[in-house]
Amino acid sequence: MSNQKRIEEAYEQARERYAEIGVDTDRAVDELSSASISLHCWQGDDVGGFEKPDASLSGGGIQVTGNYPGKARNISELRHDLKKAFSLIPGRHRLNLHAIYGQFGQKVPERDQIGPEHFSGWVEWAKTHGLKLDFNATLFSHPKADEGYTLSSRDTGIRKFWIEHVKRAREISAYMGKELGSPCIHNLWIPDGEKDVPVDRFSPRERLLESLDDIYSVKYPHTQVKDAVESKLFGIGSESFVVGSHEFYMGYAMKSGIMVCLDLGHFHPTESVADKISAVLQFSDEVLLHVSRGVRWDSDHVVILNDEVTAVMQEIVRCGALGCVHIALDYFDATLNRVGAWVTGARAAMKGLLLALLEPNIKLREYEDAGLNFERLAMLEELKTMPAGDIWNYFCLKSGVPAGMDWIEEVSAYGQEAASQRG
Ligand code: RNT
Ligand code: ZN
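Since we're looking at a predicted model, the values are computed, not measured. (Residues numbered from 1 in each chain as written. Chains lettered and ligands numbered in written order. Predicted model: local features only at pLDDT ≥ 70, side-chain atom pairs only at ≥ 80, totals over all residues. Heavy atoms only, no water.)

Listed as protein donors to the zinc ion (ligand 2) are Glu230 (OE), Asp263 (OD), His290 (ND1) and Asp330 (OD); their distances from the metal cover 2.1 Å. What the 6 donor atoms of the zinc ion (ligand 2) show is an angle range of 71 to 167° at the metal, which sorts the shape as octahedral. In primary-sequence terms, the residues that donate to the zinc ion (ligand 2) follow E-x32-D-x26-H-x39-D. Here histidine 290 lies in strand 9 (residues 287-291) and aspartate 263 lies in strand 8 (residues 259-263), a separation of 27 residues in the sequence. (Donors = N, O, S within 2.8 Å, 3.2 Å for Na, K, Ca; no water. Tetrahedral: all angles 85-135°; square planar, octahedral: opposite > 155°, others 65-115°. Helix = DSSP H or I, 4+ residues; strand = E, 2+ residues; numbered from the N terminus.)

Another point: the site of ligand 1. Residues in contact with ligand 1, as listed here, are Trp42, Ile62, His98, Trp189, Glu230, Lys232, Asp263, His266, His290, Asp298, Asp330 and Phe332. Contacts to ligand 1 include histidine 290, whose side-chain N or O atom sits 3.2 Å from an oxygen atom. Aspartate 298 places a polar side-chain atom, nitrogen or oxygen, 3.4 Å from an oxygen atom of ligand 1. Expressed as a share of its isolated accessible area of 310 Å², the protein-covered part of ligand 1 is 99%. The class makeup of the residues in the shell around ligand 1 is 4 nonpolar, 3 polar and 5 charged. (Near = heavy atom within 4 Å. Polar contact = N/O pair within 3.5 Å; in protein donor to acceptor, adjacent residues only side chain to side chain. Areas by Shrake-Rupley, 256 points an atom, 1.4 Å probe, with all protein chains shown as cover. Nonpolar A, V, L, I, M, F, W, Y, C, P; charged D, E, K, R; others polar.)

Our next topic: the packing of aromatic side chains. One pass over the structure, following the stated rule, counts 10 aromatic pairs. Consider the rings of phenylalanine 119 and phenylalanine 135, whose centres lie 4.9 Å apart with planes at 80°: the pair is edge-to-face. Linking phenylalanine 119 in the loop between strand 2 (94-98) and helix 4 (120-129) with phenylalanine 135 in strand 3 (residues 132-136), this pair joins segments that are 16 residues apart in sequence. Just as phenylalanine 119 is buried, phenylalanine 135 falls in that class too. Plain terms: the ring middles of tryptophan 392 and phenylalanine 395 are 5.8 Å apart, the flat faces sit at 55° to each other, and that makes the pair tilted. Pair noted here: tryptophan 392 and phenylalanine 395 are both in helix 13 (residues 388-399), with a separation of 3 residues, about one helical turn. (Phe/Tyr/Trp six-rings, centres within 6.5 Å; stacked < 30°, edge-to-face > 60°. Buried < 20%, exposed > 50% of the residue type's maximum accessible area, 1.4 Å probe, protein only.)

A positive phi angle is found at serine 141, which is not glycine, with a value near 50°. Topologically, serine 141 is positioned in the loop between strand 3 and helix 5 (156-180). Notably, aspartate 300 is not glycine yet its phi reads approximately 55°, a positive angle. Along the polypeptide, aspartate 300 turns up in strand 11 (residues 297-301). According to the relative accessible area criterion, aspartate 300 is buried, its value standing at 2%.

Axis angle and axis distance: for two packed helices, these are the angle between their axes and the distance between the axes, and together they describe the pair. Running from N to C, helix 2 (residues 25-34) and helix 13 cross one another at 50°; their axes reach a closest spacing of 11 Å. Of the possible angle classes, the one that applies to helix 2 and helix 13 is oblique. Crossing handedness for the pair helix 2 and helix 13: right-handed. Where helix 2 approaches helix 13, its residues Thr25, Val29, Asp30, Leu32 and Ser33 are matched on the opposing element by Ile391, Tyr394, Phe395 and Lys398. (Axes fitted to C-alpha atoms, helices over the stretch in contact; angles between N-to-C directions. Parallel < 35°, antiparallel > 145°, perpendicular 65-115°, else oblique. Left-handed = near helix turned anticlockwise from the far one by under 90°. Contact = heavy atoms within 4.5 Å.)

Within the largest apolar cluster, 128 residues are counted, with the highest numbers of intra-cluster contacts made by Leu97, Trp122, Leu151, Met176 and Leu188. The element that contributes the greatest number of residues to this core is helix 10 (residues 338-357), accounting for 12 residues. Among all residues touching tryptophan 122, those that are not within four sequence positions of it are Ile75, Leu78, Arg79, Leu82, Leu95, Leu97, Tyr101, Gln103 and Leu133. Ile185, Met259, Cys261 and Leu288 belong to the second-largest nonpolar core, a separate cluster that totals 6 residues. (Core = buried A, V, L, I, M, F, W, Y, C linked by side-chain atoms within 4.5 Å.)

We now examine a negative patch on the surface. On the surface, a cluster of negative charge is made up of Asp200, Glu206, Glu210 and Asp213. Counting through the fold element by element, glutamate 206 comes out in helix 6 (residues 202-216). (Patch = residues over 30% accessible without salt bridge, like charges linked within 9 Å, V, L, I, M, F, W, Y side chains within 5 Å. Salt bridge = Lys/Arg side-chain N within 4 Å of Asp/Glu carboxyl O. Lys, Arg positive; Asp, Glu negative; His and termini not counted. Charge placed at Lys NZ, Arg CZ, Asp CG, Glu CD.)

Right, let's talk about empty space enclosed by the protein for a bit. All told, the structure shown has 2 cavities of 30 Å³ or more when counted by the stated rule. Roughly 180 Å³ of internal volume is contained in the largest cavity. What lines the largest cavity is a set of 18 residues, and nearest its centre among them are Ile62, His98, Trp189, Glu230 and Asp330. For the lining of the largest cavity, the secondary-structure elements that each account for two or more residues are strand 4 (184-188) and strand 11. Split into classes, the residues belonging to the lining of the largest cavity amount to 8 nonpolar, 5 polar and 5 charged. By volume, the second largest cavity amounts to about 90 Å³. Lining the second largest cavity are 13 residues; nearest its centre among them are Gly70, Asp81, Asn337, Arg338 and Val339. Those elements that provide at least two residues to the lining of the second largest cavity are helix 10 and helix 14 (406-422). Of all the elements, helix 14 adds the most residues to the lining of the second largest cavity, at 4 residues. Of the residues assigned to the lining of the second largest cavity, the class counts are 6 nonpolar, 3 polar and 4 charged. (1 Å grid on protein atoms, 1.4 Å probe; cavity = no way out; pocket = protein on both sides within 12 Å on 5 of 7 lines; lining within 4 Å. Points joined across faces, edges and corners; volume = space filled by probe spheres on them.)

Below is the structure:
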């Protein structure tokens, strides 16, 4: 039997089993096909960027470990790798760029001098490949971020520099959104914080507020840019104090009508990010999600289909919020095949979404409304061993990407080739 035939037959059987519990798998597959996630460019080169050759991530409480051979050294290698990754991820997705990934040419501009012209190449590339773009200002890996403070710095010059950088990043976002006919999400994360206990937590937050007000006083239509601010609990070197905490940004976002970005690695390890979605959505129309995997700390391991990811996806679907929760990936592991890392994480996120779409929501709610708690619990348990894998394989087949494990060897070979060519 051909592989295709086997997948189709398994799908038919699984479809019947799901139909018995009131789940329409064709509909789930359709909904999954129209969901998109934003693939982060920075897994491709360990958050190095293209400001200088061999640039590396520095400061800011985030860290990449590993030196797996074959990392993308320039834009064309990164694009080549991205193309490979996208070809193995089912569905139509977006690409998330950071400001250090511009096409800067010989004379690399300072960060407060960047503009749309440095990203027109990306826009053209996105058009050719049918991709939409998202964007991030980069407030780390820079001498003006070395003191640990950027937008909340005591130093007016440093603050002004970064305010201008973020303004330009938003201008670039507006350009991308306009050119591609899809709002570009501009996310702002800053590293500001302290290793040791500060006595004044008020003034830095007051300065951050002022900087943000200046930045967001420039208005763009929502058809071009949607703004998000990303909080954090702690980082390496900012263990005792992070200026942009969750409460700070939650307040700011609500006050200013912009989104919060919830990163799965940015809360206490036992805190549920899934649980925050329904709370935030009472006050905000949209949320940005950074799907990551923290192992003991905000370590940005490759995303896998674990309980956190499943819970977050269930929550999005159960809230009927697929249209207003923007799903982006955020991790960087340099110890393994980087294209493989992209594909593994993106497929895991999509699988989580599929599991959520395969829940018999009506039945579960009936149980819940009737106080039938045992029935609800038992059904949720039984669902875990329903044949979702057969629906997944069918979804991959329909999307024209390899199902099952067929892609693993292909990515290994690609990685080996890249390693030998790139030295
Ligand atoms: C850092 C944040 C932020 C970064 C990217 C590179 O803790 O998660 O989103 O990972 O901007
Ligand atoms: Zn993040």
